[in-house]
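Per-entry structural report
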Amino acid sequence: MTKKHYLLAIESSCDDTGAAVLCNDTVLSNVIAGQEIHGLYGGVVPELASRAHQQNIVPVVDIALKKANISINDIDAIAYTQGPGLMGSLLVGGAFAKSLAMALHVPLIPVNHMQAHILAHFIDDAGNEKPEFPFLALTISGGHTQIVRVDNYDNMTVLGETTDDAVGEAFDKTAKLLGLAYPGGPLIDKYAQQGEPIYPFTKPKVDGLNFSFSGLKTQIMYFIQKELQKNPEFVNENIHNISASVQKIIIDILIDKIEKAVRETGIKQVAIGGGVSANSGIRNALLQQEKQKNWKVFIPKLEYTTDNAAMIGIVGYFKYIHQSFDTHQPLSKARLSV
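Keep in mind that this is a model prediction, so the values were computed, not measured. (Residues numbered from 1 in each chain as written. Predicted model: local features only at pLDDT ≥ 70, side-chain atom pairs only at ≥ 80, totals over all residues. Heavy atoms only, no water.)

**Let's talk about the sheet that holds strand β1 (residues 6-11)**
Spatial strand order, β3-β2-β1-β4-β5: 5 strands in an open sheet with mixed pairing. Two strands close off the open sheet at either side, each with one partner strand: β3 (26-33) and β5 (108-112). Across the sheet, the mean angle from the axis of one strand to that of its neighbour is 20°, orientation sign disregarded. In the sheet, β1 pairs with strand β4 (residues 77-83) via 4 bridges, with the strands oriented parallel. Bridge pairing in β4 links A9 to A79. In the packing of helix α2 (residues 87-104) onto the sheet, the strands contacted are β1, β4 and β5, and the crossing angle to β4 comes to about 155°. (Pairing = 2+ DSSP bridges. Helix = DSSP H or I, 4+ residues; strand = E, 2+ residues; numbered from the N terminus. Axes fitted to C-alpha atoms, helices over the stretch in contact; angles between N-to-C directions. Contact = heavy atoms within 4.5 Å.)

Below you can see the structure in the form of structure tokens.
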């Protein structure tokens, strides 16, 4: 019988304060406190985010423990997001995790946020099937766009990444141009389902498996400005078709690159992760590729796509069973590669 290991995980890389309790690879609780104040500014304000983490972290951890129906003294290890992310936010979660680990005399386990998005697929209830090594991971979020070759839990290689803006930023900045509330990415997805991609946007020419979205954002901005000069109601009258057109070009860019990665590596297992992987258009496009090209596509449950502590916990569990602990010296890092 497998021994039970209880692990507390803390996520604070951006504007969501998360705490989760895992028993081995099974999630007992997964609690998230969001920060609505950033909607007033059209994006995350780092100083406000770190202050909100300070307010939220104790109650969030308390609720996570109560939902898991365990005592703080039952915890065998504590995992936390070391990076990448907003430095102020990371420091709040990291300092709390370090202090608690020292008080409880349990191991402290630093976790790479992007690796966590990838390994979220190995949470017990993340999906019907788990990827087999090696597989390709497409990590898409507000701050990152990467194609990663995953050879093992602790052996990952970035094959391509964005040279400027991330795909999530492209969605959100476009939404801002359209006058949509923050975060606008989900709204574009919603409106796109009711429209047709009738406006042609061109793909940026980027070598290899890298991405670029800054030029596309500029292209969309000029298009909207030009059409508004001709018709001040253009956006209001065509919001669904504009959204569908923007979503299509972004999906085409992502699919082209992952197709190229499959050809170059010969690996036909593709897993997606990160907040933007909740986008219905991207999910459907990958499922179409699975049918047409004999791929095996892995799509996690929606609750494990956005920033959450359960994904930090699963990485922490793998590190714990392999005795990969922190010395309590290194803490948070704003930039961190897989």
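**Looking at the pattern of salt bridges**
Taken as a whole, this structure holds 13 salt bridges when the rule is applied. A salt bridge links K217 to E169, with the shortest nitrogen-to-oxygen separation between them at 3.4 Å. Placement of the pair is K217 in helix α6 (residues 214-230) and E169 in helix α4 (residues 167-177), with a sequence separation of 48 residues. What makes K217 buried here is its relative accessible area of 15%. (Salt bridge = Lys/Arg side-chain N within 4 Å of Asp/Glu carboxyl O. Buried < 20%, exposed > 50% of the residue type's maximum accessible area, 1.4 Å probe, protein only.)

**Observations concerning the UniProt feature "binding site: Fe cation" (unreviewed entry) in the protein chain**
Within the UniProt annotation, "binding site: Fe cation" (unreviewed entry) is assigned to H113, H117 and D307. For the residues just named, distributed over 195 residues, the greatest C-alpha separation is only 8.6 Å, placing them together at one site. Within the element layout of this structure, H117 appears in helix α3 (residues 113-119). When near neighbours in sequence (up to four residues on either side) are disregarded, H117 contacts G273, G274, G275, T305, T306, D307 and M311. Note that D307 resides in the loop between β10 (296-298) and α9 (309-321). Here the side chain of D307 touches H113 through a polar contact of 3.0 Å, side chain to side chain. (UniProt positions renumbered as here; feature names shortened; annotations may be inferred. Polar contact = N/O pair within 3.5 Å; in protein donor to acceptor, adjacent residues only side chain to side chain.)

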